[in-house]
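Here is what each chain is made of, one letter per residue.
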Amino acid sequence: MNDDATPVAAGKPGMALEVHALGKTFVGRERSSVAIGEVGFEVADREFVTVVGPSGCGKTTLLKCIAGLMAPSAGETRFGGARVSGPVSDMALVFQDYSRSLFPWLTVRKNVLLPLRGGARSDREQTVLESLEAVGLTRFIDHYPSQLSGGMQQRVAIARALAVRPRMLLMDEPFASVDAQTRADLEDLVLRIHAEFEVTMLLVTHDIDESVYMSDRVIILTTSPAYVQEVLPIELPRPRAQDVTKAAPQFASLRTHVYRAITQAHGDTRRSTTAAAAPNPVELSTKQNSAFLV
Amino acid sequence: MARSPGRLLGLSVEVGTTAAVIGIIWLLTADSHSPFIPSLPTILSTFRSVWLFQRFTSDVIPSVERLALGFFAAVVVGVPLGLMIGMSKWMRMLTRPVATFMRSLPPPLMVPVAISLFQIGLVMKVFSIAFVCIWPIALNTEDGYAGLNPTILETAHAYGLGFWKRLFKVILPAVSPRIFTGLRISVAFAVLLLVLAEQLGSSNGIGWFVLYSQQGYDVPGMWAGILMLALLGIGANAILSLAERRVLRWHFNLRGLDV
């Protein structure tokens, strides 16, 4: 895919993120398992890109490599033209497991305040207040996470990510552990934040409707090991709304397109990888995923 | 913390049983003529005349001081040691054989060793207590760190928290439930070692007083000393659980919701 590409020296103008031929192999004592075959794509400034793929295909691994939490075995990620070798302060990550990612021993205020550095204390407090206002939770600023519902906890996690004023937000299945109504509310919240804060978004999900509803482009991955199967532009008008957008005929055809691409990928690789049959080491624990695809 | 009928019942059973046991001992020893088993009122009046306040400053205060210093030293050494072992594979490989050896030594052995190393004095007693208490604290801390959910550490990493922020705002609070498990185990060891150290090498303290009274045929004094030691143990445990309830309030809230 990337045979003739020369390493990019400086970032392309207008590009927030460039992923070049990224690969990840987990080397074990007995055998190794390839989580990501070769994945490459770009995300423009202020673009909303979603990576969708069957559960266990290596999406979380991919996101961790992009965020600098995990070193890739091959290829590289460039953020604003600079090679990513560790966590970057301009990139904020929202985890799926908000109950672990928010610290239960800190109040909402202190959770959001924790990553903030520099400036006067009052300025930081102001930033916390603004971020909580963006997610509509200022009333709960002195509550502990355990006193909030799951959806509210994830909103705190989003506020914490916003508070560092990132150029880009990375989200790993952020709505996978909440009920359907809360999920729709959170989707709209993230769309509003994307528009208001002019932030670049990279969302990873297994939910096909969500990928089409949220994005400017959908990147469809194959089953493990992950390759880019297709990049699909979503030309639905913005602002989007749960009732109008999802009722549009164009939405239906796009979601069918993604659905077929994924199920076909699922069938193909099932035939070709039965011999290896290496279970994905990272996503074995996400039980709730399969319902959306089977 | 609502007072439910079950809770009230439990409390009355506890109080009732205690009262019954005290009553039975009272009755059985009431007209005892054995010099070795004095009656309960005799023990209590001895307790009052010995500890209020004749020997309070000469024996109780030194014992409390030894206990507190030894326990404090064990926490100050044990928690960082446990974290270092938990965080570094090298530290784990280097310390595991030594730690396993130290942990398997019967605690009383440390007192003669401490006497020959430091001579009789405060250092020897503090060392005896601390040396035994370090291991439950360090091993529980290490185990607690190893059992942390990876997302907790990944979050700290992803948000670029510096070393001290990571240590004091994330790792220590996250491990603190397990640290308190270690503390509760070692507080029992601490009282045990205090008594041993005072009986083997001391000329004051509650442990010394029990042995001294027994050897001087002052049986009521011996019992009064034992009663004082029990109160010391109960007091140490009470202070610890008070601290635990304060520090781990978030943890108990969390468990209350999950269960």
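Residues numbered from 1 in each chain as written. Chains lettered and ligands numbered in written order. Predicted model: local features only at pLDDT ≥ 70, side-chain atom pairs only at ≥ 80, totals over all residues.

> What is the right way to look at the packing of helix 5 (residues 110-118) of chain B against helix 6 (residues 122-146) of chain B in this model?
For any two helices packed against each other, one specifies the crossing angle of their axes together with the interaxial distance. Residue and element names in this part refer to chain B. At a minimum axis separation of 9 Å, helix 5 and helix 6 run at an interaxial angle of 140 degrees. For the element pair helix 5 / helix 6, the angle class is oblique. Seen along the crossing, helix 5 lies across helix 6 with a hand that is right-handed. Mapping the contact onto sequence places M110, V111, A114, I115 and F118 in helix 5 and V123, M124, F127, S128, F131 and V132 in helix 6. A per-class count over the contact of helix 5 with helix 6 returns 10 nonpolar, 1 polar and no charged. (Axes fitted to C-alpha atoms, helices over the stretch in contact; angles between N-to-C directions. Helix = DSSP H or I, 4+ residues; strand = E, 2+ residues; numbered from the N terminus. Parallel < 35°, antiparallel > 145°, perpendicular 65-115°, else oblique. Left-handed = near helix turned anticlockwise from the far one by under 90°. Contact = placed C-beta atoms within 7 Å. Nonpolar A, V, L, I, M, F, W, Y, C, P; charged D, E, K, R; others polar.)

> Where do I start with the confidence of the model for chain B in this structure?
Low pLDDT means the predicted atomic positions in that stretch should not be read closely. Averaged over every residue, the pLDDT of chain B is 90; residues scoring 70 or more account for 96%. Our summary of model confidence lists the complex with pTM equal to 0.82 and ipTM equal to 0.81. (pLDDT = per-residue confidence, 0-100.)

> What is the right way to read the sheet that holds strand 4 (residues 74-79) of chain A from this model?
Across a sheet, strands are paired by hydrogen bonds formed along the backbone, either parallel or antiparallel in direction. Residue and element names in this part refer to chain A. With mixed pairing, the 10 strands of this open sheet are ordered in space as 5-4-1-2-10-9-3-8-7-6. Each edge of the open sheet carries a strand with a single partner, namely strand 5 (82-83) and strand 6 (91-94). Sheet analysis places strand 4 next to strand 5, joined by 2 bridges and oriented antiparallel. Bridge pairing links F79 to A82 in strand 5. The strands touched by helix 1 (residues 59-67) are strand 1 (15-26), strand 2 (33-44), strand 3 (48-52), strand 4, strand 6, strand 7 (168-172), strand 8 (200-205), strand 9 (217-221) and strand 10 (226-233); relative to strand 7, the strand with the most contacts, the crossing angle is about 155 degrees. (Pairing = 2+ DSSP bridges.)

> Help me understand the interface of chain B and chain A, please; the structure alone is not making it clear to me.
Taken together, the contact pairs 17 residues of chain B with 16 residues of chain A. Counting residues per element, the ones that place at least two in the side of chain B that touches chain A are helix 7 (150-158), helix 8 (163-200) and helix 11 (249-258) of chain B. Here the side of chain B that touches chain A gets 6 residues from one element, more than from any other, and that element is helix 7 of chain B. In terms of residue class, the side of chain B that touches chain A is built from 9 nonpolar, 6 polar and 2 charged.

> Looking at this model, I keep getting lost on helix 6 (residues 180-196) of chain A. Mind explaining?
Residues spaced three or four apart along an α-helix point in a common direction, a consequence of the helix completing one turn every 3.6 residues. Residue and element names in this part refer to chain A. In this model helix 6 runs 24 Å from its N-terminal to its C-terminal C-alpha over 17 residues, within 8% of the 24 Å that 1.5 Å per residue would give. Of all the residues in helix 6, the buried ones are E187, V190, L191, I193 and H194. Projection of helix 6 onto a plane perpendicular to its axis shows the buried side chains occupying an angular sector of 160 degrees, all on one side. Among the exposed residues of helix 6, those pointing more than 90 degrees away from its buried face are Q181 and E196. At the exit of helix 6 stands E198, carrying a positive phi of roughly 50 degrees. (Expected span 1.5 Å × (residues − 1). Buried ≥ 20, exposed ≤ 12 C-beta atoms within 10 Å, placed from the backbone. Arc of directions from axis to C-beta.)

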